[in-house]
Amino acid sequence: MLDYLSLIAYGIPILYFGPYLLSYFTTLFASRRFAKTSPIPSVTVYTWRDSILVWLFSPYIAPFFECLPFRLGHWVLYVKRDFSWCTKGDLARKEVGDVYWAVGPGGAQLWVSDADLITQIVHRRNDFVKRVSDYAILNIFGFNVVTTEGALWQRHRKITGPPFNEKNSSLVFDPHRKSPYSYPMLVQQLFGMLTVTPNHEGTHAQGKAMLASFTYDAEGNESPAGQEPVVEDLIHWMMTVTLNVISSASLNINAVWPIHSVAAKNYKFKPPSGHNNSNLVQSNTAGLPFQESFDTVMNNIRILIAFPAWILRNSPFKIMRITQQSSDHFSKYMHELISAHKAKIESGSTDGDSSSAPGDLLSSIVKASTGNKGTGLSEEEMVGNIFVFTLAGHETTATTLQSALILLACEPQVRMEVQKEIDEIWAGKKTGEDLTYDDYGKMRVIMALMLETLRVYPPVVMLPKITTARSSVTYNNQTISIPANSRVLIDVVSVQRNPKYWGPNNHSFVPSRWLMPSSYTPPPDSNNESPAHANLFCPPKGAFIAFNGGFRACLGRKFAQVEFCTLISVLLRGHSVELVREKGKGWEETRAKALVDLDDRRTGVAMRMNKKVRVRFVKRGMESSPLA
Ligand code: HEM
């Protein structure tokens, strides 16, 4: 009897942990042996990097390891969650350089923050593929352009890409030109926001309505200058405006700005009579508006992945039930819309002509897929793409706007440069005229602000790839061999703060580094990050990778750039963004704290700030921050 018990007591753990330990040691030793044969330096780590436990607990246990004598626990710094962000690339740069192997259980991973090597990787689509398993969470509604690779990805990109093609942006100003894809309301939507007076009645007046809600009092009247309300939750409002904009572009949904004033948070703005917030009568009457259901899905996406629908539906926890309900709503909205579009196409009421087609992403992909079995997208894939575009298209832009506004509040000198540019644009206009797309090219300082914000605070900090077969690359005039199935990680933070490309002030926020004189000639092998703007600094290819590059470059780059510039011009034309001082604290102290909070981030879907920085939009001329 005792023998049986002993067998169970020892046998079960051995059976359970045996294969784990075997794999741990064999892969650790094999990767160490491999690294010794490579000319690239290496660091050894003693835990699986992709383990959820490491992700969850490493920030808390790392300090104990760091205290161990003889630097025995130093390796933990290389596996700590968001380690590259925490060290801004300096740790690896100092100890192992711009390219190194991280060897450990699970095999060797190549970490890259060298611009030339990054360029090779992003342009070799067949050798360095996206590690799609890292994106599985985004497949929740169906495969899509972000989560697929190879032929499947090509099919998704071919269908979803054209509406966001930068070349199409001019179509919106040439209504007589016919194209199967009218540019998706982008510029109309964004500039439309500016043409409506801020009385909240216009559904497109997002920028102005948002500014009004930042500057009106609780009763909905303009606040006396200097007494504007405090914007406590800047990211929430940036997410709201970018979600409204992307929903318009991808689904033709006209959303209403939800509040009159941040001073009266509970006062919900009522849509004008006859206005349909979701364009979907059935689903809308059934419950949540699109934005609310999307928000809930996005914020609780891990719950949706972890539990089957029937558990969530019947859960005693409200959050689980609401999450499933929102997911059902989102899916229902999408399927209703797709059916409506399909019905129109089948009845012949749209003919592929831009003048009759709504021009949003969904109608484009339904049109491109209907009747194209094999090359088109299935209904599930269409929903998957709308979800991922909505996600990719708003969180990244929102965090960039948030960071930029806080930086402007901390750097009044930069804010004044931006306002000077806005004033110059308006000086050339007659009374009653509004901004037009031609003005976008004049927004050089604002674009420099965006690019510099993205350089120092990129929303996507890591680009994971994997080799399909043994591959070789060139680094420092040496040929480096990379085994098949090796993970290759492009370290966005590290390359964008590498002094080799950005000089000794690599960690400082200096938008003017992007503004070059008219005599500027971009060096060879450099990249123009915004061709619409003259004389912008062109960094070496691969040194600025915030929008990724090569084949898998961001589809919404231009969209995000136009959106950012437009919103900044609306917000700062008549107002200045300022930090809210806490009682008894001076300007320098408040600014120092805001900069620390700005730096305190962690990755969710995109990298986000952990804390909130309170700001206020004060009438120009009433600023209280020092001007130098
Ligand atoms: C500041 C704003 C933005 C930043 C920093 C950004 C950054 C990126 C990055 C780094 C990637 C590559 C991700 C990866 O491969 O893991 C990406 C891909 C993508 N982005 Fe953006 N993005 C922004 C805005 C947008 C917007 C507004 C849209 C949609 C309108 C969008 C749509 C996409 C799509 C569809 C992809 C996948 C492309 C593919 O794999 O073929 N992004 N973006």
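Everything quoted here is computed from the prediction, not taken from an experiment.

Time to look at the overall build of the protein chain. On a plain count of helices and strands, the protein chain comes out with 23 helices and 13 strands. Each of the 628 residues in the protein chain was classed as buried or not, and the buried ones make up 53%.

Turning next to the pairing of strand β10 (residues 575-579). Along β10, five of the five residues are buried, which leaves the element largely enclosed by surrounding structure. Here β10 shows two buried faces, one formed by H575, V577 and L579 and the other by S576 and E578. Alignment of β10 against strand β13 (residues 615-619), held across five bridges, turns out to be antiparallel. Residue pairing across strands places H575 opposite K619, the latter belonging to β13.

Turning next to the confidence of the model for the protein chain. For the protein chain, per-residue confidence averages 85 on the pLDDT scale, and residues scoring 70 or more make up 87% of the total. Scored below 50 in pLDDT, residues 168-186 shows 46 contacts in the model against residues more than four places distant or in partner chains. Overall fold confidence (pTM) sits at 0.90, and the ipTM for the predicted complex is 0.99.

In this numbering, the UniProt entry assigns the feature "transmembrane region" (unreviewed entry) to residues 7-30. Across residues 7-30, the secondary structure splits into 100% helix and 0% strand, with the terminal C-alpha atoms separated by 32 Å.

Right, let's talk about the packing of helix α8 (residues 206-215) against helix α22 (residues 557-572) for a bit. It is the contact of α8 with α22, at a shortest axis distance of 9 Å, that shows an interaxial angle of 40°. By the criterion of interaxial angle, the relationship of α8 to α22 is oblique. The element α8 and its partner α22 pack so that their crossing is right-handed. Mapping the contact onto sequence places G207, K208, M210, L211 and F214 in α8 and L567, V570 and L571 in α22. Of the residues belonging to the contact of α8 with α22, the class tally is six nonpolar, one polar and one charged.

This next bit is on the site of the ligand. Taken together, 28 residues surround the ligand, and among them Y135, W153, R157, R552 and C554 come closest. Separating an oxygen atom of the ligand from a side-chain N or O atom of N548 is a distance of 3.4 Å. The separation between an oxygen atom of the ligand and a polar side-chain atom of R552 is 2.9 Å. Among the elements of the structure, α6 (150-160), α16 (379-410) and α22 are those that each provide at least two residues to the shell around the ligand. Ranked by the residues each element gives to the shell around the ligand, the list is headed by α16, at six residues. Of the residues assigned to the shell around the ligand, the class counts are 19 nonpolar, six polar and three charged. Counting residues domain by domain, the shell around the ligand receives three or more from each of domain 1 (1-139 + 463-496) and domain 2 (155-282 + 359-460 + 503-538 + 546-619).

Right, let's talk about the sheet that holds strand β2 (residues 99-104) for a bit. In a beta sheet, neighbouring strands are held together by backbone hydrogen bonds and run either parallel or antiparallel to one another. If you trace the six strands from one edge of the open sheet to the other, you get β1-β2-β3-β9-β6-β4, paired in mixed fashion. The sheet is open, and its two edges are formed by β1 (42-44) and β4 (128-130), each paired on a single side. The sheet shows a mean angle of 30° between the axes of neighbouring strands, direction not considered. Sheet topology note: the β4/strand β6 (residues 462-467) ladder contains three bridges and is antiparallel. The residue bridging K130 from the neighbouring strand is K465, located in β6. The strands that helix α5 (residues 115-123) touches are β2, β3 (107-112), β4, β6 and β9 (487-491); relative to β9, the one it contacts most, it runs at about 125°.

What follows concerns the pattern of salt bridges. Side-chain pairs of opposite charge can arise where the charged atoms are in close proximity. According to the stated counting rule, one finds 28 salt bridges in the structure shown. Among the ionic pairs, R71 bridges to E95, the shortest N-O distance being 3.6 Å. Of the two residues, R71 sits in the loop between α2 (52-66) and α3 (83-87) while E95 sits in helix α4 (residues 90-95), which places them 24 residues apart along the sequence. Judged by its relative accessible area of 32%, E95 is partly exposed. One salt bridge connects R415 with E623, and the closest N-O pair in it is separated by 3.8 Å. Taken together, the positions of R415 in helix α17 (residues 412-427) and E623 in the segment after β13 put the pair 208 residues apart, joining distant regions of the chain.

Spatial ordering of the open sheet is given by β5-β13-β10, a layout of three strands whose pairing is antiparallel. The open sheet terminates on both sides in strands that have one partner only, identified here as β5 (230-231) and β10. Note that β5 and β13 share two bridges and pair antiparallel. Looking across to β13, one finds that V230 is bridged to R616. Of the strands in this sheet, β5, β10 and β13 touch α8, which is tilted by about 95° from β13. Contacting β10 and β13, α22 crosses the sheet at an angle of about 90° to β10.

Where interface size is given, it is often the accessible area lost as the parts come together that is meant. Taken domain by domain, the protein chain holds domain 1 (1-139 + 463-496) and domain 2 (155-282 + 359-460 + 503-538 + 546-619). Taken together, the contact pairs 17 residues of domain 1 with 22 residues of domain 2. A combined buried area of about 1,800 Å² lies between domain 1 and domain 2, and 55% of that area is made up of carbon and sulfur atoms. When the buried surface of domain 1 facing domain 2 is broken down by residue, W85, L138 and Q496 rank first, second and third, together holding 38% of it. For K88, the salt bridge goes to D599, with nearest N and O atoms at 3.1 Å. Joining domain 1 to domain 2, the criterion identifies eight residue pairs in polar contact (both at pLDDT 80 or more). Elements that contribute at least two residues to the side of domain 1 that touches domain 2 include exactly α4, α5, β6 and α20 (492-496). It is α20 that contributes the most residues to the side of domain 1 that touches domain 2, three residues altogether. Looking at side-chain class alone, the side of domain 1 that touches domain 2 contains seven nonpolar, two polar and eight charged residues.

Rules behind the numbers
- Residues numbered from 1 in each chain as written.
- Predicted model: local features only at pLDDT ≥ 70, side-chain atom pairs only at ≥ 80, totals over all residues.
- Heavy atoms only, no water.
- Helix = DSSP H or I, 4+ residues; strand = E, 2+ residues; numbered from the N terminus.
- Buried < 20%, exposed > 50% of the residue type's maximum accessible area, 1.4 Å probe, protein only.
- Pairing = 2+ DSSP bridges.
- pLDDT = per-residue confidence, 0-100.
- Contact = heavy atoms within 4.5 Å.
- UniProt positions renumbered as here; feature names shortened; annotations may be inferred.
- Axes fitted to C-alpha atoms, helices over the stretch in contact; angles between N-to-C directions.
- Parallel < 35°, antiparallel > 145°, perpendicular 65-115°, else oblique.
- Left-handed = near helix turned anticlockwise from the far one by under 90°.
- Nonpolar A, V, L, I, M, F, W, Y, C, P; charged D, E, K, R; others polar.
- Near = heavy atom within 4 Å.
- Polar contact = N/O pair within 3.5 Å; in protein donor to acceptor, adjacent residues only side chain to side chain.
- Domains from an automatic or database assignment.
- Salt bridge = Lys/Arg side-chain N within 4 Å of Asp/Glu carboxyl O.
- Buried area = accessible area lost by both parts, 1.4 Å probe.

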